Amino acid sequence: MRSANAPADYALAWQLYVRGDLAGSQRESERGYERLRTTRNEWAARFQLLAAEVMVWRGMYDPALSLLSAYRSSPGYPEGSVLKLALEAVALTRQAQTAKAEQRLASAEDLCRNNPVSTCGNVFDARGILAVNQGKLQLARQAFLDALAFEEARKNRFRSAIAKMNIGWSALQSEHYDDALDWLRSAQQDSKSLGAEEIDEKTTGNLGWAYYNLGDGERARDLLLEAQKSAKRRGSIRAELGWTSTIGYVHQSAGDLDRASVVYQQALSLAEQIDSKQDIINTLEDLAYVSIDLGQLDKADAYLDDVTRRIQSSKNHLDVLDVMLARARIAAAKGHSGQSEGLFRSIVEDPSSQTSMRLEAEHGLALLFESEQNFEAADRMYRTALATFEQERDQLRNEDSRLPFGANAEGIYDDYIDFLVKRRKSDEALILADQSRARALAQGLGLLSKTSATHIPHPSEIARKTGSTLLFYWVGAKQSYLWAITPNATSIHVLPSKKQISDLVSRYSRSLRGFGDPLEFPDSDGRALFQRLVAPASASLDNRSNVIVLADGALSQLNFETLIVPSPQPHYWIEDATISSAPSLQMLASAHASVPAQRKLLLIGDAISPGPDYPNLPMAAAEMKEIQQRVGPQNAASYSREQATPAAYLGVAPQQFSYIHFVAHGVASSIDPLDSAIILSRSSAAEDSFKLHARDIIQHPIRAEMVTISACYGSGNRIFAGEGSIGLAWAFLRAGAHNVIGALWEVSDESEPQMMGDLYRGLYGGLPPSAALRQAKLAMLHSKKEFRKPFYWAPMQIYTGL
């Protein structure tokens, strides 16, 4: 290679680096260095340092340090001496050689003070990485902010994106997840515009980690698998290690402990392959925790002994706290109460403990006191843990983050409710369960201030007000509960565990959507579900035809009307009762009486397809015509085809209508609950102008007696811990609707016009919405035709706020 070709060859190696082809960039950099190394000119130095930088990114710390040790400064490249020290500091930090890393950084910072060359931004980044590994998270954040300011002043978009990514990463370490999401999304946007696959991968994976900590395991898993696949493709062992470990966390939180243990072993093998000492410590800690969960206490102790030996040189106090937390759990499991309590209290009282550590320690103390039958102390500590959790959730700025964050306290609520029930305080347990659900939902939708009161009347008063029997469910890991609430009494019943219930619901839901008739099968899961979920409350249901179900978890996706009553002859429960769903007792208690209206109908649908994902609905026009005929054209304002737009709904003053009906596609967002939307015609050239979003619905108050979303997935099908189904149904209820009809699965174009026509005939005949919908469904069920099958009549479900 002649020196004259070096700029072009270096530019190629650099572009491969930016694009994330680390193996290719290392190959080209090493080739350039080998051909120029004897010249000791500027380009030899640039190739040498780029090769070392790529090695550091790939987790090849020993080869990187060996290459850097051979570096000789070039008069034409003064920036090289600073970059060499910064890269050494990062590699040494990863190997837990913090004292040597500090020496390199001190030398680099001295050089930058005297001459702030372009590579001083790398020094700020190296300082931040060292600070994170030392547990000095505020110092780390400031160092990364300094790096961003430095690079932006020099208009270096690539290095700026790295700095943003690192700020997001440090926010994750501090458990400031909203802040992390903001920085990581900004870094990802920059990386995509630059074609920087490495940064895109890291931001994708870190976003997955953020969502995991917010409790959104489904989204976390998808993002982490995407990042892991990218790391393998690029040959970045360190990145693959990081995403592999985090996938293990997702498996562990989902209760798949054996799989989590296997994944952590894979991560440990990767960490040992690159001799990343801090990552070895982290994966050993992970293996210790999963071993505790598996009841393998001796194995957990062995892992912790190994960690303890290794952290003596790292001086990372967070690692020390992690070991203490694991030791506390082991001591509790072995019955060593005094030792366990002392360790838990040390973690709670340590000002450097992360919120998740304090939560786990407070939860551990509550369980410990309960096992010792110190019930007063246990109750106090459960309340303390929940107060810590609620305080942390209140500090989340982003309302979309508050919804899944509830999963972080699911175990605490679950154990506290079990505790209260065992102490014969079932009324307190019911109020606690409802408060957790109502607060999470309302705050997540941006409608509950942090100081809002959560007092509600006695549940029997709510039953009296609604004229219904209330069936309130709490689905727990070990066991579940049903409170059957009538105007005169409340009874509690113990139900199977979450897994048992979820498995039954999943199987039965699949059978309902498969065009079959479960009544024809004697071993149908519909019978088992009725026996487990409803039969225990049979005494509360005598002679009461109105039932409101307050579901939890997987039960939010179950239409209770389809459960099979075994006697006198097997039949669907809809034959015996008018069944509605509600989100919480608090919402029912706060409902206002309907204002007499002029029974006007707003009818919107038969939209022009905005794209192949949302094809035209061939029977939409027929359904709208059928409804208009039932209510009379003089009572309906109709918007179809190009007039059926989100702008039409928002601009027509929807609060003037008693009934609002959409004949359109509806979607529950897999990315953002408040992005759930009704799909209409385009309002403008804007990309999403055809979507009527849940967040827009909430902002426009209505007084409708009923809103119907005659569409697929109209009720929203995204479930978060404790909040049930988050989407369009709850958005309209929050906007002021008294009842909302939505679909649990895609409705049939063939049967829907008939059902909707019968629904409005009942409404305009004087029936309330729940009774009118039941009547329309029974007409199909009794038809003896294909439409008698639940696939056709069961997807539409009514949600009530009364």
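The present account deals with the structure reproduced in this document. (Residues numbered from 1 in each chain as written. Predicted model: local features only at pLDDT ≥ 70, side-chain atom pairs only at ≥ 80, totals over all residues. Heavy atoms only, no water.)

Thoughts on the packing of aromatic side chains
Aromatic ring pairs: the centre-centre distance and the angle between the two ring planes describe each pair. Filter applied, for reference: Any Phe, Tyr or Trp ring, taking Trp's six-membered ring, that has another such ring centre within 6.5 Å forms a pair; planes under 30 degrees apart are called stacked, those over 60 apart edge-to-face, and the others tilted. Note on conventions: DSSP H or I runs of at least 4 residues are helices, E runs of at least 2 residues are strands, and numbering of each starts at the N terminus. Relative accessibility under 20% of the residue-type maximum defines a buried residue, over 50% an exposed one, and the middle range a partly exposed one, all with a 1.4 Å probe and only protein chains included. We call a charge positioned above a ring when the Lys NZ or Arg CZ atom is no farther than 6 Å from the ring centre and deviates by at most 35 degrees from the ring normal.
Using the criterion set out here, one finds 28 aromatic pairs in the structure. Taking 5.3 Å as the distance between ring centres and 70° as the angle between the ring planes, the aromatic pair formed by Trp14 and Tyr17 counts as edge-to-face. Of this pair, Trp14 and Tyr17 both sit in helix α1 (residues 6-19), three residues apart, roughly one helical turn. With a relative accessible area of 2%, Tyr17 lands in the buried category. When the ring of Phe787 is compared with that of Tyr792, the centres are 5.1 Å apart and the planes differ by 45°; the resulting orientation is tilted. Taken individually, Phe787 and Tyr792 each receive the classification buried, so the pair is uniform in this respect. Chaining the aromatic ring pairs together yields one cluster made of Trp14, Tyr17, Trp57 and Phe158. Note that Arg219 overlies the ring of Tyr211, its terminal NZ or CZ placed 3.9 Å from the centroid. Here Lys600 stacks its cationic end above the ring of Phe657, 5.2 Å away from the centre of that ring.

Some thoughts on the nonpolar core
Defined as follows: Buried Ala, Val, Leu, Ile, Met, Phe, Trp, Tyr and Cys residues form a nonpolar core when they are joined through side-chain atoms within 4.5 Å. Whether two residues are in contact is decided by their heavy atoms: any pair within 4.5 Å suffices.
In terms of nonpolar packing, the biggest core is built from 159 residues, with Ile417, Leu470, Phe472, Trp483, Ile485, Leu550 and Leu585 touching the most fellow members. Counting residues per element, this core draws most heavily on helix α3 (residues 42-58), at 12 residues. In contact with Leu470, not counting residues within four places along its chain, are Pro459, Ile462, Ala463, Trp483, Ala484, Ile485, Ile548, Leu550, Leu585 and Leu588.

Examining empty space enclosed by the protein
Here is the rule we go by: Method remark: on a 1 Å grid restricted to protein atoms, a set of points is classed as a cavity if a 1.4 Å probe fits but cannot get out and as a pocket if it is open with protein on both sides within 12 Å along at least five of seven lines; lining residues have an atom within 4 Å of a point. Grid points are joined across faces, edges and corners, and a volume is the space filled by probe spheres set on the points. The classification used treats Ala, Val, Leu, Ile, Met, Phe, Trp, Tyr, Cys and Pro as nonpolar, Asp, Glu, Lys and Arg as charged, and all other residues, Gly among them, as polar.
Using the criterion set out here, one finds four cavities of 30 Å³ or more in the structure. In this structure, the second largest cavity encloses a volume near 100 Å³. What lines the second largest cavity is a set of 15 residues, and nearest its centre among them are Ala607, Pro615, Leu617, His665 and Ile679. Looking at the lining of the second largest cavity, its residues break down into 11 nonpolar, three polar and one charged.

Remarks on the pattern of salt bridges
Definition in use: Any Lys or Arg side-chain nitrogen found within 4 Å of a carboxyl oxygen on Asp or Glu counts as a salt bridge.
Under the criterion given, the structure shown has 40 salt bridges. Of the charged contacts in the structure, one is a salt bridge between Asp517 and Arg788, with a shortest N-O distance of 3.7 Å. With a gap of 271 residues between them, Asp517 in the loop between α25 (498-512) and α26 (525-533) and Arg788 in the loop between α34 (769-781) and α35 (790-793) connect regions that are remote in the sequence. For Asp517, a relative accessible area of 7% gives the class buried. Bridged by salt links that share partners, the residues Asp301, Asp305, Arg327 and Lys334 form one connected network.

Details of the pairing of strand β2 (residues 480-485)
Our working rule: At least two DSSP bridges between two strands are needed for those strands to be called paired.
The element β2 is largely enclosed, with a buried count of six among its six residues. Because side chains alternate across β2, one face comprises the buried residues Ser480, Leu482 and Ala484, and the other comprises Tyr481, Trp483 and Ile485, equally buried. Strand direction decides the pairing type here: strand β1 (residues 469-474) and β2, joined by five bridges, are antiparallel. Along β2, the bridge assignment pairs Tyr473 with Leu482. The turn linking β1 back onto β2 is made up of five residues. In this structure, β2 lies alongside strand β3 (residues 490-495), joined through six bridges in antiparallel fashion. Across the sheet, residue Ser480 finds its bridge partner in β3, namely Leu495. Between the end of β2 and the start of β3, which pair antiparallel, lie four residues.

Here's the deal with the state of the cysteines
Going by this rule: What counts as a disulfide here is a pair of cysteine sulfur atoms lying within 2.5 Å.
Applying the stated criterion across every chain yields a total of one disulfide. The side chain of Cys112 participates in a disulfide bridge whose partner is Cys120; the two sulfur atoms lie 2.1 Å from each other. The sign of the -105° torsion about the S-S bond sets the Cys112-Cys120 disulfide as left-handed. Note on accessibility: Cys112 and Cys120 belong to one class, buried.

Quick word on the packing of α3 against helix α4 (residues 61-69)
Describing two packed helices takes the angle between their axes plus the distance from one axis to the other. Quick note on the threshold: Think of each axis as a best-fit line through the C-alpha atoms, taken over the contacting stretch in the case of a helix, with angles from 0 to 180 degrees between the N-to-C directions. Note on terminology: angles under 35 degrees are roughly parallel, angles over 145 are roughly antiparallel, angles of 65 to 115 are roughly perpendicular, and the others are oblique. Left-handed describes a crossing whose near helix is turned anticlockwise from the far helix through less than a right angle; right-handed describes the clockwise counterpart.
Running from amino to carboxyl end, α3 crosses α4 at an angle of 160°, the nearest separation of the two axes being 8 Å. Regarding the angle of α3 to α4, the classification is roughly antiparallel. Read as a crossing pair, α3 and α4 show a hand that is left-handed. On α4, the residues touching Gln48, Leu49, Ala51, Ala52, Met55 and Val56 of α3 are Tyr61, Pro63, Ala64, Leu67 and Leu68. A per-class count over the contact of α3 with α4 returns 10 nonpolar, one polar and no charged.

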